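So the chains spell out like this:
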Amino acid sequence: MWTLGWPCFPIMQLFLSLVLLVLGTSFRLAHGMSREERHKLRDQVVEMFDHAYQSYMDHAYPADELMPLTCRGRVRGLEPSRGDVDDALGKFSLTLVDTLDTLMLLNKTEEFEAAVRRVVSDVRLDNDIVVSVFETNIRVLGGLLGGHSMAVMLRDRGHQMLWYQDELLHMAKDLGLRLLPAFNTSSGLPYPRVNLRHGVRGPETRTGTETETCTACAGTMILEFAALSRFSGEPIFEAHARRALDFLWEKRQRNSNLVGTTINIHSGEWVRRDSGVGAGIDSYYEYLLKAYILLGDEQLLQRFNVHYASIMKYISQPPLLLDVHIHKPLLPARTWMDSLLAFFPGLQVLKGDIRPAIETHEMLYQVTKKHNFLPEAFTTDFRVHWAQHPLRPEFAESTYFLYKATRDPYYLEAGRTVLENLNRFARVPCGFAAMKDVRTGSHEDRMDSFFLAEMFKYLFLLFADTEDLPFDVEDYVFTTEAHLLPLSLSTAPPLQPRPITMLMSGEDLDDSNFDWTCPNTRLLFPDPAFPRNLREPIRSVVDKSCPRPALLREPGMGRPPLRAQDFMANNPEHLELLRRMGVNLIHLKDGRVQLVQHATQAVSAMAAEDGLRFMQEMMELSSQQHKEQLPPRAVQIVSHPFFGRVVLTAGPAQFGTDLSKSSTGVRGFVTVAEPYPGCSEISNQALVQGRIALLQRGQCMFAEKARHIQKAGAIGGIIIDNNEGSSSDTAPLFQMAGDGRSTDDVTMPLLFLFHKEGSILLEALKEYREVEVLLSDKAQGRAAIFKGKSLPTSLLDSSGDVVEEEDCSPEDPSPNTAVDQSQTDTQEHIQSTVEEREAPSADVSARDADADQGAEPSRIKDTPRHSVDSLLADWQEDLEAFKQMERDEL
């Protein structure tokens, strides 16, 4: 929390106040939201809170939470289990307890007093139920302590709640004692769950068998437990929370100074070694800094600074915050972010590091505007990863803190966006419903207690004037659940004095890390335009459809910008447009192209923005190829003289006929389409009709090629790579994606062959004129290929040699002897390619012996008979290699 009341030297307080005064004055000079507008939004926040709170009281109390779609309370055991989410419910009127200090902050003193009476008279804490230690601490214990702080304040004013005799504190102590058995481990880290009546030992507890907990679960106890100790005079609570905090610090990875996500509560070994600032770790970092503020222990500040330096070195990639591995912090652990990290800009404000706070918040704001709410998780290119949104308050929290620090009216508009989206998309007759899918706007029958405890606090504080508040919030610190703990607790002497332990040798930080025990005011900006300059580039990256002034386009760029779905790598005009946008195209050896953008190389800022938008669209098109890894397909040459013995590995298309759902595949003779790239109307339609068309890769999208040959009457298509030398021996499986539009109109199969495999097919066509192939999901055996036909006698030759007569057909072959039947069954090695695509031996294509010896593929046409013999010989070697690989895998 941004506050001037934390432990600082008086002269530092004066300096900070002057800086904020100057900043506030500067920002007020800029055009901003009028006082009337802010008050209107403030009143709207109160009205929304009333709607949510009264819906809970009318339809759910004394249940833990409201189910806003069905207008009833959620009682654990009476509703279908939601797994770990239900561990927050303990049959202790969770939402009412969690909301106590919100009532007071919103000037609802009469409702607050009535709520306290209800809690004291109705709420029981000795239920035989297993609850989350972490959730119960931050929501219930924190709610009781926050309520107690408010009740004492009112009582001390001498006008209200004179009857109050610390009943909420007594309940908090009772609850604290019920949570303490969870800390009975050799490490001091608490069990993740505890039975409120029976603890963690014994069969009646139905818990105590867990071996791991999350870092935040163990490291987010110190504020509530220390406050309970100092309120009650019982040191045991603070001591246990501090022991757990110390253990986590000792178990940090010493080279990276990062902590993992989950840890074994007995051995202290890291179970999940990924590290970030979101779910599983978030409030551990938050409580190190806030515990220093509340308790005045400089050791906690030192620890936070060590962690923070590592976060900014490894995890922070402005505006992104990406998880890394604690032992290899330069390696990303995942390519998506969760919404809980939205609290971090607010913590950076508390630290005083405003610039990255502005950048990350702006990214989050643009994602919010893109999807109406922050998805529970989203990718690095800002697409939805997990679509839920349970009305989390972290973005509103950071918005409030940034406005508090900068007085930039921009953050008032961000708050307005949050408020309007809640009313427009989440409001229902019985409260506010969580979003089941932010993309569709569907609801979930859920209104978590933190929505009332946190969201309305931060929104009200954002729009309210100082005179609107019933007390000075600078005298309090916000817990992670936004409960208010008085900073006066810092003046109470520690119940168990702890010596200040400096960092171990080898871990010394530069002295500048500790120059300021208050927010680092050197990083606050006296120029009100500076935050805006930081935000603008981020806005254009995230929101690819933001309004753009059409008259400001550069010469030569007057037409609409190039769209990814229209891009053709062989089009000189498109390449020139890429150059103007600062996008470089690199041809890779495997036939793919790589796009890299350098905004500084663009001809203008507008062109750079076009380039960013183009790259974003390209990533979305590319991501379609990775939505589902399809297995390889087979192109099997079934005509004379191959008779199914040559199988070429083919890449699938993510549109058209799904060959995996066809038992027979698609069989037909092949012909080369004209024009060969297939990017315009087919001119040899009479030859293509009823056949499988051969096309060359390049110049247009795969779907466009498919549409052209389908219109010409083709029953299928094979696209051959135009990158000479590419082969499935060395390249990973290639999947053809759509063009960003609907491809439902493509109703035939389309397969992809690398250059080497495609050359085999083309040379066979050149030599034999009529070549029949089978397109299928896996190679077929002889019986399937020649079902209903007489078996070609050439397959009865033990030598496997091809017959000499060139005019013979599969129905009338020359007599030969049989080969080993196992050589014709290629199902095994087709399946092997699914498991080991990148292994050279995992290719099911027929290999050209001459090419393997270094000769160019074009030599096939010089010695056609030798090439066919070589193909069959290499095919037999491939088959043996695949069988051996399958045995190795088993």
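Here the structure is shown first, and the text comes after it.
Rules and cut-offs
Residues numbered from 1 in each chain as written. Predicted model: local features only at pLDDT ≥ 70, side-chain atom pairs only at ≥ 80, totals over all residues. Heavy atoms only, no water. Helix = DSSP H or I, 4+ residues; strand = E, 2+ residues; numbered from the N terminus. Core = buried A, V, L, I, M, F, W, Y, C linked by side-chain atoms within 4.5 Å. Buried < 20%, exposed > 50% of the residue type's maximum accessible area, 1.4 Å probe, protein only. Contact = heavy atoms within 4.5 Å. Phe/Tyr/Trp six-rings, centres within 6.5 Å; stacked < 30°, edge-to-face > 60°. 1 Å grid on protein atoms, 1.4 Å probe; cavity = no way out; pocket = protein on both sides within 12 Å on 5 of 7 lines; lining within 4 Å. Points joined across faces, edges and corners; volume = space filled by probe spheres on them. Nonpolar A, V, L, I, M, F, W, Y, C, P; charged D, E, K, R; others polar. Pairing = 2+ DSSP bridges. Axes fitted to C-alpha atoms, helices over the stretch in contact; angles between N-to-C directions. Parallel < 35°, antiparallel > 145°, perpendicular 65-115°, else oblique. Left-handed = near helix turned anticlockwise from the far one by under 90°.

Caption draft 1: The arrangement of unusual backbone geometry in detail. Of note, the amide linkage connecting His640 to Pro641 takes the cis form, showing an omega dihedral of 0 degrees. Structurally, Pro641 is set in the loop between strand E23 (633–637) and strand E24 (646–650). With omega at 0 degrees, the peptide bond leading from Glu674 into Pro675 counts as cis. Topologically, Pro675 is positioned in the loop between strand E25 (666–672) and helix H20 (685–688). Of note in this structure, Lys91 is not a glycine but carries a positive phi near 60 degrees. When you line up the elements, Lys91 lands in the loop between strand E2 (72–74) and helix H3 (94–105).

Caption draft 2: Focus on the nonpolar core. Residues Phe112, Leu422 and Phe432 are the most contacted members of the largest nonpolar core, which totals 174 residues. If one sorts the elements of this core by residue count, helix H5 (residues 133–157) sits on top with twelve residues. Once residues lying within four places of it in the same chain are set aside, the contact partners of Leu422 are Met48, Phe373, Leu391, Arg427, Phe432, Phe451, Met455 and Leu459. Core analysis: the next-biggest nonpolar cluster, separate from the first, contains 23 residues, Val666, Leu751, Val771 and Leu775 among them.

Caption draft 3: Looking closely at the packing of aromatic side chains. This model, assessed by the stated rule, comprises 26 aromatic pairs. Between Phe49 and Tyr53, the aromatic rings sit 5.6 Å apart at their centres with planes inclined by 10 degrees, giving stacked as the arrangement. A residue pair is termed a helical-turn pair when its members lie 3 or 4 positions apart in one helix, as Phe49 and Tyr53 do in helix H2 (residues 35–59) at four residues. An identical accessibility class is assigned to Phe49 and Tyr53; each is buried.

Caption draft 4: Region of interest: empty space enclosed by the protein. Enumeration over the complete set of coordinates arrives at eight cavities of 30 Å³ or more. In this structure, the largest cavity is lined by 15 residues; those nearest its centre are Phe373, His389, Arg392, Phe395 and Val418. The set of elements that each furnish at least two residues to the lining of the largest cavity consists of helix H14 (394–406) and helix H15 (410–426). Split into classes, the residues belonging to the lining of the largest cavity amount to eight nonpolar, five polar and two charged.

Caption draft 5: Layout of the sheet that holds strand E14 (residues 384–386). Reading across from one edge, E12-E13-E14 is the order of the three strands in this open sheet, with antiparallel pairing throughout. Looking at strand neighbours, the two that pair on one side only are strand E12 (336–338) and E14, the edges of this open sheet. Within this sheet the neighbouring strands show an average axis-to-axis angle of 30 degrees, counted without direction. Of the strand pairs in this sheet, E12 and strand E13 (residues 377–379) are connected by three bridges, and their pairing is antiparallel. Across the sheet, residue Met337 finds its bridge partner in E13, namely Phe378.

Caption draft 6: Examining the packing of H3 against helix H16 (residues 449–463) more closely. Relative to each other, H3 and H16 sit at 15 degrees, their axes nearing to 7 Å. Relative to H16, the element H3 lies roughly parallel. In this structure, H3 crosses over H16, and the sense of that crossing is left-handed. Two secondary-structure elements touch here, H3 through Leu94, Thr95, Asp98, Thr99, Asp101, Thr102 and Leu105 and H16 through Ser449, Phe450, Leu452, Ala453, Phe456, Lys457, Phe460 and Leu461. When the residues that make up the contact of H3 with H16 are grouped by side-chain class, the tally is eight nonpolar, four polar and three charged.

Caption draft 7: Focus on the side chain of His51. Mapping His51 onto the fold places it in helix H2. According to the relative accessible area criterion, His51 is buried, its value standing at 16%. Setting aside residues up to four positions removed in sequence, His51 forms contacts with Arg427, Val428, Pro429, Cys430, Gly431 and Phe432.

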